[in-house]
There are 4 protein chains.
Amino acid sequence: MNEHPPISVALVGASGYTGLELTRLLLNHPTAHLALMCAGRSAGEPADSVNPALKGLGLPPLVAFDADEIAAKCTYAFLGLPHKTAQDVTHELLERGVKVVDLSADHRFDDADFYAAVYEPHRHPENCAKTVYGCPELHREAIRNTRLVGAPGCYPTSVILGVAPALNGGLLAAAHAIADCKSGVSGAGRNPGPGTHFPETADGLHAYKTLNHRHAPEMERILGGGMQVEFVPHLVPMNRGILSTIYLRLKPGVDETAVRDVYQSQYGDEPFIALLESGAHPDPRHVRGTNRCHIGLFVKGDRLVVQSAIDNLGKGAAGQAIQCFNLMAGIAETSGLEGTAFFP
Amino acid sequence: MNEHPPISVALVGASGYTGLELTRLLLNHPTAHLALMCAGRSAGEPADSVNPALKGLGLPPLVAFDADEIAAKCTYAFLGLPHKTAQDVTHELLERGVKVVDLSADHRFDDADFYAAVYEPHRHPENCAKTVYGCPELHREAIRNTRLVGAPGCYPTSVILGVAPALNGGLLAAAHAIADCKSGVSGAGRNPGPGTHFPETADGLHAYKTLNHRHAPEMERILGGGMQVEFVPHLVPMNRGILSTIYLRLKPGVDETAVRDVYQSQYGDEPFIALLESGAHPDPRHVRGTNRCHIGLFVKGDRLVVQSAIDNLGKGAAGQAIQCFNLMAGIAETSGLEGTAFFP
Amino acid sequence: MNEHPPISVALVGASGYTGLELTRLLLNHPTAHLALMCAGRSAGEPADSVNPALKGLGLPPLVAFDADEIAAKCTYAFLGLPHKTAQDVTHELLERGVKVVDLSADHRFDDADFYAAVYEPHRHPENCAKTVYGCPELHREAIRNTRLVGAPGCYPTSVILGVAPALNGGLLAAAHAIADCKSGVSGAGRNPGPGTHFPETADGLHAYKTLNHRHAPEMERILGGGMQVEFVPHLVPMNRGILSTIYLRLKPGVDETAVRDVYQSQYGDEPFIALLESGAHPDPRHVRGTNRCHIGLFVKGDRLVVQSAIDNLGKGAAGQAIQCFNLMAGIAETSGLEGTAFFP
Amino acid sequence: MNEHPPISVALVGASGYTGLELTRLLLNHPTAHLALMCAGRSAGEPADSVNPALKGLGLPPLVAFDADEIAAKCTYAFLGLPHKTAQDVTHELLERGVKVVDLSADHRFDDADFYAAVYEPHRHPENCAKTVYGCPELHREAIRNTRLVGAPGCYPTSVILGVAPALNGGLLAAAHAIADCKSGVSGAGRNPGPGTHFPETADGLHAYKTLNHRHAPEMERILGGGMQVEFVPHLVPMNRGILSTIYLRLKPGVDETAVRDVYQSQYGDEPFIALLESGAHPDPRHVRGTNRCHIGLFVKGDRLVVQSAIDNLGKGAAGQAIQCFNLMAGIAETSGLEGTAFFP
């Protein structure tokens, strides 16, 4: 099963939460060999200085980013960098023939103008045309054939997976969704701030950027079909996980059976998606630490409520990035991602 | 300020979370005198046996419910009982002239048939006609003049307070709301079960009874105007608090200023409601332990998102019950409820 | 009961957690009138800008610290400031005749050399001689007669209250204690940092400054009798509360009855201390939001384990400061502190 | 590396937390094949009925325990059963030649009288003589050669690993330890009760069974040398993990270097133990989901404080059980346990 020869990969940005999860998954991957761990400010320090979980594992020290070194040693690079920074790094790596899975927001759009409208002008707009949005359930073949994947945002992953079958299956009365999403705090990154300070985060919750978050255009563009998403993200006192509760309207005559048939036909063969039985509610705790997505479907009259649970660092980031890598590398799509959820 | 002579009150059902919070508030009330604490299974035991927080306060022991004793000693009774049980107790007390604030679901509807449709046949349907729904912002005068208040459910309180101004102020394009509500675990009561076991509750969250919770008809009936509420409650890993995120559609031409004007005109004089400034998001932690409600308003095009934060045991239960008592007793509406939030 | 004329007080340092809790307690105090709230960086802003819980209460805006203004308007000042800063502020206020309750570490020692050894040289060493350590259970009379109180640290409060009766009652075989203390995260203050970032604080715990924390000399000095305290503080994923588990050795022949007699004799009349019955374990959740201390006593052979639970912001800070103020002002010692715990 | 032919194993008791973690680890094990999952009350139901994390994995349904079936299909059985129940099951399996790793308390003592003194009379006392205490760091060779392992308790694992080097290395002035242990709530098992109900567990903590917990004799017996352990367990609001803070006295002349030399010599080659550098504090979050133990050492004068962090379900239960199985089966000791910690 592990007969494929090792593929050396670099991790650029090893000290953020995305980098930590990529490290965990890559060290356990049967084919990928984590050859270089780059962390700018911590270059030269031991790997456990940014991640005490690595204590005693005998890993080599962190290094500074050096595109030539990566090109000399690695075939692929995963980028766990802030957006903007990822643009230059991607460019340097692509120029040297390294394939890139970028987990930042920088290569999620294949249109530089759209990127500029949502973020700011792209520093290497020519790379936008090269990128594939890394959602295997929608773009599996394109991912297999690209050299650059823009790994999806965590919120968009959960919403797109929840909505796409209904939209593409022609179930909806209108191309409109309300996405009320609840995220764990690791989604806010590793930099401490007032909004993630424990006593202001535990035992409470709140929305933020109501109707004004940059993940909404990402959802709308990737879903297509003129979809409008009314998106309100919430910060919930848990470490990991996203639960998206999505409110949709069904066409006349569409009942729960019809809904389930469509979801089953689109997801029945997907290795990482489970449709829960009627009445069952998904919970991110049951996909914690995995690349899986649990989907619950609720129909009452013409109302459809879809609930989609992922791990924001798993299917919402590092897990999905590795799923894309597996496709790009031509190895089993589930390699290194078979683990079951970390529950309790 | 405290010149009103003491009013003796009984608390029936002292051992549940609603009872604990009533105890806390009543012991601090300038006029109410907590003369009797009834707890069936713990009758004869010290008060701190069901609530260690009462250790060392010198309270009298818990007693069994005895309508005659209550009638002899008290003018009012607060009921922190399961629904059904509250029906008989209420009846016995009303017959003896004791005024009742019932925190169960049993007297929230002034129509016994409606109650039967949502719950089951009422054991004393004649009492339904006597009850007033205890939402002072909507029914202040009726509460002043009743002998029986049905204190609102925690979810309905947060949703009704969020929606009523928009509905009654004529802002809405349709009598329809989506209410995505997030509750702390104390809302599930004090009886332990799999769904409230710590390792199955912490570090995760889930919806329950999607589109099928009995608080939806309560919201719809009290709001009136043919309002339909698509209600999905969620259990969040926090002790207290409800945040309701409510999705509404505005009539053409209604902008944020118009929305704010309406809410300001309806709530400007309310002692327990604060409208947050534009862009600010309410969080139940900032009303924790109080009878307050913080409301945030977000408008984009014809979309209105209302966010309403309360303490499920405060404004959602015990606090509101005492606000009603204050009105019934003709004392200052804010008596015993002036405390600021317990934050952090 | 509230017949004492109002006493105007100032709060200097209104934006930290100690300041927030002082605000909550002072606004609810029957005699103290919170006349001025000072917050340097937020001067001129509304009070709810640093504490959203104050939204809608109609409080005056925050002001900059001005010793003359305070002297003109207030008899007392509470200082919720970082240590060092508190030294100058205290000095200016004392010079102007304002009585001070300093919640920083700056006036906990009546010996400037000792202070210098534990912290650094004091900027106004002459004030050390004027200060009284604000532990009413030990220093009630001195507090009544001082113009300057140094309110105890949160850890020392819990340990001193747990150990003092055993030490002073002659129960111990040696003047030695191991104090294994567990604190909520609000004890680390309101400034965010890596150590209080939610995902690095929730679902884990750790000790810090093992055998090397500056609260150990405070405990040892105040306890006296040559007491040595082996102190290890831990940070636990909760907002508030300290539980100290204290390990002591009993003199030969001392049994549980003798231990309980001594504690009862010393604490039986204390309004804020409750001794739990044999076998009962204290929990800070049952004193949350109060000035109370719950103490559990466990004896096996010559081993005595004392468990002491307080709210680090209550009896460990703001509550105890107000208890001292009540003594200084000659009003009922429990004024404004009667509230029962915020549980659940 | 995975060339060993598969070894079929049974899991008896698949629905408790120990069973869930065994499932997670065994499904990821390169050699063990999880052939049977037994769960008495859920026999016949799908595996995801007791563990929603298994949804969509295509596992066979749960079965009732049948010793013959296990003997026919499996070489080894892991028991995640309550104590007492495990005695009969073990007996039946041993009689049929199945090797057993029992995670209950039933086979932790090789002396039936000692077991009876701590628990109650053993139903199959002859099996006590056959058992090996499953702590590989102490009993590696014996584990390789036994047919029955009693997997250690979670608290004893963390304390024994922390104390053994100091005791066996002759560092201690006395055979006495104080073990102040803090456990996550999964350690209390999966049955809900008042003590694990979320609102009575979150935002607080407490000790239980002070000086009276059955893990103390286990620690003392396994450590040997007349060791006395003053043991106080605490329940902390986190899902997983144990941090043990252990207080010891050093012989005169033993300094930190000497302490570190001894621990290094005993643990330097251990695959799952990491000694942290001077001043660093272990935290269970950094070993979450693993079989690792992080140890911190703190010396001041003659005081030694050892801090030991494990995952109670990992090194404290399922992980260590698999480590024992690996030894019994003659495969690499780290098989299936290489994963790094689940952090954040």
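As the structure is a computational prediction, the values presented were derived from the model and not from experiment.

Draft legend 1. Quick peek at the pairing of strand β10 (residues 242–249) of chain A. All names here are of chain A. Counting buried positions along β10 gives six out of eight residues, so the element sits mostly inside the fold. Both strand β7 (residues 176–183) and β10 contribute to a ladder of six bridges, which runs antiparallel. Counted as the bridge partner of Asp-180 is Thr-245 from β10. Across eight bridges, the pairing between β10 and strand β13 (residues 303–310) is antiparallel. Counterpart to Ile-246 in the pairing with β13 is Val-306.

Draft legend 2. Representation of the domain arrangement of chain A in the model. Residues and elements named next belong to chain A. In terms of domain boundaries, chain A breaks down into domain 1 (7–130) and domain 2 (154–312). Once you take the C-alpha centre of each, domain 1 and domain 2 turn out to be 27 Å apart. Between domain 1 and domain 2, the residue contacts involve seven residues of the former and seven residues of the latter. Residue classes in the side of domain 1 that touches domain 2 are distributed as five nonpolar, one polar and one charged.

Draft legend 3. Representation of the nonpolar core within the structure. In terms of nonpolar packing, the biggest core is built from 449 residues, with Ala77(A), Ala77(B), Ala77(C) and Ala77(D) touching the most fellow members. Apart from the residues within four sequence positions on either side, Ala77(B) is in contact with Val9(B), Ala10(B), Val12(B), Ile70(B), Leu93(B), Val98(B) and Val100(B).

Draft legend 4. View of the interface of chain D and chain A. Across the boundary between the two partners, chain D contributes 27 residues, which contact 27 residues of chain A. In terms of residue count, helix α1 (residues 17–27) of chain D provides more of the side of chain D that touches chain A than any other element does, four residues in total. The residue makeup of the side of chain D that touches chain A, split by class, is 13 nonpolar, nine polar and five charged.

Draft legend 5. Molecular detail of the interface of chain B and chain A. Contact residues are listed per partner, giving 34 residues for chain B and 34 residues for chain A. Within the residue set of the side of chain B that touches chain A, elements represented by two or more residues are β7 (176–183), β8 (206–207), β9 (228–235), β10 (242–249), β12 (293–300) and β13 (303–310) of chain B.

Draft legend 6. Fine view of the relation of the copies chain B and chain A. With an RMSD of 0.0 Å, chain B superimposes on chain A once it is rotated by 180° and translated 0.0 Å along the axis. Such a combination of rotation and displacement between the chain copies is what one expects of a two-fold axis. Every residue of chain B has its C-alpha some distance from the rotation axis, and the shortest such distance is that of Pro237(B), at 3.3 Å. When the interface residues of chain B are mapped onto chain A, 100% of them are again interface residues, pointing to one common binding face.

Draft legend 7. Fine view of the sheet that holds strand β6 (residues 148–150) of chain D. Residue and element names in this part refer to chain D. An order of β2-β1-β3-β4-β6-β5 is seen for the six strands of this open sheet, with the pairing classed as parallel. With partners counted over all chains shown, the strands left at the sheet margins are β2 (32–38) and β5 (132–133), one partner each. Both strand β1 (residues 7–12) and β2 contribute to a ladder of six bridges, which runs parallel. Of the residues in β2, the one forming a bridge with Val-12 is Cys-38. Contacting β1, β2, β3 (76–79), β4 (99–102) and β6, helix α9 (residues 314–329) crosses the sheet at an angle of about 160° to β4.

Draft legend 8. Representation of the environment of Ala188(C) within the structure. Residue and element names in this part refer to chain C. Locating Ala-188 in the fold gives a position in the loop between β7 (176–183) and β8 (206–207). With 20 C-beta atoms packed within 10 Å, Ala-188 lands in the buried category. It is 21 Å that separates the C-alpha atoms of Ala-188 and Cys-135, two residues lying 53 residues apart in sequence. For Ala-188, the contacting residues outside a window of four places in its chain are Gly-195, Thr-196 and Leu-235.

Draft legend 9. Unusual backbone geometry, seen in detail. All names here are of chain B. For the peptide bond that leads from Phe-343 to Pro-344, omega is 5°, which places it in the cis range. Phi at Asp-203 is positive, roughly 55°, even though this residue is not glycine. Position of Asp-203 relative to the elements: it lies in the loop between β7 and β8. You can call Asp-203 buried: it has 26 C-beta atoms within 10 Å.

Criteria and cut-off values
- Residues numbered from 1 in each chain as written.
- Chains lettered and ligands numbered in written order.
- Predicted model: local features only at pLDDT ≥ 70, side-chain atom pairs only at ≥ 80, totals over all residues.
- Buried ≥ 20, exposed ≤ 12 C-beta atoms within 10 Å, placed from the backbone.
- Helix = DSSP H or I, 4+ residues; strand = E, 2+ residues; numbered from the N terminus.
- Pairing = 2+ DSSP bridges.
- Domains from an automatic or database assignment.
- Contact = placed C-beta atoms within 7 Å.
- Nonpolar A, V, L, I, M, F, W, Y, C, P; charged D, E, K, R; others polar.
- Core = buried A, V, L, I, M, F, W, Y, C linked by C-beta atoms within 7 Å.
- Least-squares fit on C-alpha atoms with pLDDT ≥ 70 in both.
- Axes fitted to C-alpha atoms, helices over the stretch in contact; angles between N-to-C directions.

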